[in-house]
Every structure is written in structure tokens, then in C-alpha cells.
Amino acid sequence: MASLPFELKGKSVYVAGHRGMVGSALVRRLEREGVKLVTVDRREVDLCNQAAVFDWFAKMRPQVVFLAAAKVGGIVANNTLRAEFIYDNIAIAANVIQAAHRSGAEKLMFFGSSCIYPKLAPQPLREDSVLTGPLEPTNEPYAIAKIAGVKMAEAYRSQYGCDFISVMPTNLYGPGDNYHPELSHVVAALIRRFHEAKVAGAESVVVWGTGTPRREFLYVDDMADACVHLMKTYSGAELVNIGTGEDITIAEFARVVAEVVGYRGAFSFDTSRPDGTPRKLLDVSRLERLGWRATTSLEEGLKRAYEAYQAGTLAPA
Ligand SMILES: NC(=O)C1=CN([C@@H]2O[C@H](COP(=O)(O)OP(=O)(O)OC[C@H]3O[C@@H](n4cnc5c(N)ncnc54)[C@H](OP(=O)(O)O)[C@@H]3O)[C@@H](O)[C@H]2O)C=CC1
Ligand SMILES: C[C@H]1O[C@H](OP(=O)(O)OP(=O)(O)OC[C@H]2O[C@@H](n3cnc4c(=O)[nH]c(N)nc43)[C@H](O)[C@@H]2O)[C@@H](O)[C@@H](O)C1=O
């Protein structure tokens, strides 16, 4: 078990999922750490393919692993692609955690999600509330897969002494997000929908659900900074929530996005769409005791996310 602070400088660091929103933010953040960054494209190594993962790890033997790769999506993606979400995310967790152990990785960070907590657990959500009640049905397959990953990291620490840690991020947004109209999370979905409505001069825009659920939103570059901080300063079996400690109703959030995008029209609520869990505010006291807190405000983060979206949509296809 490495001592703390854990030194990243000069180490081979593998970011699994390096092209994704979190993975690409980790790559940006690690640039100033003096690491030997290791990545591999999905077409070369499908992390659901155990033999390919084992062979690659035996060859590359990364010293540090950020396991950000996963099948990820918003509430409708989770609720419709249920088999894909449970299979892919269990397979990725099992293959990479086992391969990291077999190849002697010094440290690994597993990425859970705030949706692993029970639907009606007391808020703000404490790390020790995991498995204390029924999950939110719309993302239960994904949550079960994430809980399995968390329990694997814990078990490998217990049996083999692996320094594998797990973090529980809240809802994330920022550059590199998934803007698919049906499969995305709420932040990317509303940025795109309000932008398109502004450009088209639409008089009204649809927001899903009742607008009453509350969500917490963390800008992805803050998330990456928190992950690097925890990789250096934390070692233990307990989960660590990563969030801002503040939440907002979806209706209020939609008004903030409309303001940032410059959409001046009305919006209506499509209650045929699922609300999901009523609230998901994380208790971030453990994270603060470990010396980190978020610095990017929701308005500033949304401005940067919108700029990145516009740059992406205006770039040649
Ligand atoms: N976004 C959010 O709000 C939250 C995310 N998280 C967690 O953070 C992590 C990153 O999420 P995020 O960046 O948003 O997701 P993205 O979908 O943006 O990125 C996921 C990455 O995983 C890769 N990937 C998926 N399946 C495979 C596979 N079979 N083999 C190899 N690579 C694969 C994708 O590769 P490719 O691009 O080539 O398809 C992609 O680069 C995940 O573990 C997620 O559960 C937790 C809480 C909230
Ligand atoms: C990070 C977390 O993300 C997922 O959980 P979620 O937070 O419920 O996901 P979401 O961002 O898709 O929705 C948040 C809220 O927003 C409302 N909402 C309004 N309008 C749109 C809309 O246009 N799209 C979407 N997706 N939601 C909308 C929507 O009705 C809901 O009330 C988990 O599956 C899981 O992946 C997970 O861990």
C-alpha cells in the first residue's frame, strides 16, 4: 500500500475513457502533473472484452488507473437500454479492476455515481447510505453495476491489499458532453434545445418531467481536479462523494440555462417524460475534510459548456 501523499509525477497513468467528458477533462488536468499518460482507443481494446483487457494490461502495466470508461447516459437512456447499461458497466468494472490487480497497478480510482444511493435516502446523501433502501427504478441496472464496481474495489483492498478507491460524482457537465437529444443528461439536452430554439426563433421549448426534481451539477474540470487531488491524498475503502453541496429544481435550472444561452421564449413541461429520483444532493463533508471544494459556479460552468457546445456545432462536420 503506497504512502500518502501518493506521487503521480513520472508514473504511467492510464485514463480509461480518455475521449469521454470526464476522461478528456482528466487528460487536461493531468497535463500539469508530469505523468506518462497512457490511453488506448476503444477500437483497439474494447473494455468489455476480458482477454483484450488482460493482454493490454500485461503489456502496458500502467502504475495508476483512472477508470472513467463506462456506458453513460441520461434518464431515458438508462431506462430504455437497461441490459446494455448493466452488462457493459459490470464487464468494464470487472475486467479493468481484475487486470489492474493482475498487473500490479499501484493505485486505481473507480467512478461510481450519485444514482447508487437509495431513491428516498435522507438528503444530503451520505456515503454510508449505500444499500440501505430501494434504488431509483429508471437507473437501477446502471446503479447495480456501479455498486458492483464499488464492492469490487473494496474486496480487492481487503483480500489483496490493492490501493483501489471509489468516488461518487454528482451530475456532471461541460466540454465533451453527450448532446444526443434523447440519450443525453439534462444539462447537455437543455443547452442544445435552447440553442436550437434561439436560432430557430421558436416561441416555446419542452422541458421533460414536472420540473420539480432537484439536482446538483458539478463542472467537469472541477471534477477532474477533485479526482487528481483524491488520487494523491486519499486511500481507503470508504466512498468519497464529489459534488458542490448545492442543488436546484429542474424548473429553476432551465431558467438559468435559457439565460446563459440567450433564449427568451417560453418553455413547457412534458410530464409524459420521467422525473426520476426527486432529489440527489450529495453530502460533501468528507470531500471537504480531505481538502477539496468546487470553485466553478453553475452560471460560469454553463457559460463555458455553452461556448464548447457552440465551438463543436460550428466546427466542420
Ligand atoms: N456524466 C455524468 O453526469 C456522470 C458520470 N459519472 C461517471 O463518470 C465516468 C465518465 O462519464 P462520462 O465522461 O460522462 O461518460 P462519456 O460517455 O462521456 O465517456 C465514457 C467513455 O467510456 C468509453 N467507453 C465506453 N464503453 C467502452 C468500452 N466497452 N470499451 C472502451 N471504452 C469504452 C467511451 O469511449 P468512446 O468515446 O470511444 O465510445 C467514452 O470515452 C463514468 O464512469 C460515469 O459512470 C458519474 C456520475 C455522473
Ligand atoms: C448522473 C445521473 O444521471 C441520471 O440521472 P438523472 O440525474 O435523473 O438524469 P438526467 O440528467 O437525465 O435527468 C435529470 C432530471 O432532468 C429532467 N429533464 C428535463 N428535461 C430533460 C431533458 O431534455 N433530458 C434529460 N435527460 N432530462 C431532462 C429529467 O426529467 C430529470 O428529472 C442517471 O440515469 C445516471 O446516469 C446518473 O448517475
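See the structure shown above.
This write-up is about the structure you can find in this document. Here the structure is a predicted model, which means the values were calculated and not measured.

What counts as what
- Residues numbered from 1 in each chain as written.
- Chains lettered and ligands numbered in written order.
- Predicted model: local features only at pLDDT ≥ 70, side-chain atom pairs only at ≥ 80, totals over all residues.
- Heavy atoms only, no water.
- Near = heavy atom within 4 Å.
- Polar contact = N/O pair within 3.5 Å; in protein donor to acceptor, adjacent residues only side chain to side chain.
- Areas by Shrake-Rupley, 256 points an atom, 1.4 Å probe, with all protein chains shown as cover.
- Helix = DSSP H or I, 4+ residues; strand = E, 2+ residues; numbered from the N terminus.
- 1 Å grid on protein atoms, 1.4 Å probe; cavity = no way out; pocket = protein on both sides within 12 Å on 5 of 7 lines; lining within 4 Å.
- Points joined across faces, edges and corners; volume = space filled by probe spheres on them.
- Nonpolar A, V, L, I, M, F, W, Y, C, P; charged D, E, K, R; others polar.
- Phe/Tyr/Trp six-rings, centres within 6.5 Å; stacked < 30°, edge-to-face > 60°.
- Buried < 20%, exposed > 50% of the residue type's maximum accessible area, 1.4 Å probe, protein only.
- Pairing = 2+ DSSP bridges.
- Right-handed = clockwise from strand over helix to strand, strands pointing away.

**Structural notes on the site of ligand 1**
Point 1. Inspection of the region around ligand 1 gives 25 residues, with Val22, Arg42, Asp46, Tyr142 and Lys146 positioned closest.
Point 2. Between Gly20 and ligand 1, the recorded distance is 3.0 Å, taken from a backbone N or O atom to an oxygen atom.
Point 3. Contact distances for ligand 1 include 2.5 Å between an oxygen atom and a side-chain N or O atom of Tyr142.
Point 4. For ligand 1, the accessible surface in isolation is 900 Å², of which the surrounding protein chains cover 88%.
Point 5. Elements with a contribution of two residues or more to the shell around ligand 1: α1 (21–30), α5 (140–160) and β6 (171–173).

**A closer look at the layout of surface pockets**
Point 1. Here the second largest pocket defines a volume of roughly 290 Å³.
Point 2. Sorting the residues of the lining of the second largest pocket by element identifies α9 (285–289) and α10 (298–314) as the ones contributing at least two each.
Point 3. When the residues that make up the lining of the second largest pocket are grouped by side-chain class, the tally is seven nonpolar, five polar and six charged.

**Digging into the packing of aromatic side chains**
The relative placement of two aromatic rings is captured by the distance of their centres and the angle of their planes.
Point 1. As enumerated under the stated definition, the model contains 12 aromatic pairs in all.
Point 2. When the centroid spacing of 5.7 Å and the interplanar angle of 75 degrees are considered together, the rings of Tyr14 and Phe57 count as edge-to-face. Highlighted residues: Tyr14 in strand β1 (residues 12–16) and Phe57 in helix α2 (residues 50–60), separated in sequence by 43 residues.
Point 3. When its relative accessible area of 2% is taken as the criterion, Tyr14 is described as buried.
Point 4. Relative to Phe164, the ring of Tyr156 has its centre 6.4 Å away and its plane inclined at 20 degrees; by these criteria the two rings are stacked.
Point 5. Judged by relative accessible area, which is 2%, Phe164 ranks as buried.
Point 6. Of the aromatic side chains, those joined through ring pairs into one cluster are Phe194, Tyr263, Phe267 and Phe269.

**What about the site of ligand 2?**
Point 1. Of all residues adjacent to ligand 2, which total 22 residues, the nearest are Ser113, Asn171, Arg193, Pro274 and Asp275.
Point 2. With respect to ligand 2, the backbone of Gly73 contributes an N or O atom lying 3.0 Å from an oxygen atom.
Point 3. Note that an oxygen atom of ligand 2 is positioned 3.1 Å from one of the side-chain N or O atoms of Lys280.
Point 4. Its free accessible area being 700 Å², ligand 2 has 98% of it covered by the protein chains.

**Focus on the pairing of strand β5 (residues 164–169)**
Point 1. Along β5, six of the six residues are buried, which leaves the element largely enclosed by surrounding structure.
Point 2. By the bridge criterion, four bridges tie strand β4 (residues 107–111) to β5 in an arrangement that is parallel. Within the sheet, the bridge partner assigned to Phe110 lies in β5 and is Ser166.
Point 3. Following the backbone out of β4, through α5 and into the adjacent parallel β5, one traces a crossover that is right-handed.
Point 4. Two strands pair when backbone bridges link them, and β5 and strand β10 (residues 240–242) are joined in this way by three bridges, in the parallel orientation.

Coordinates in, geometry out; function isn't part of it.
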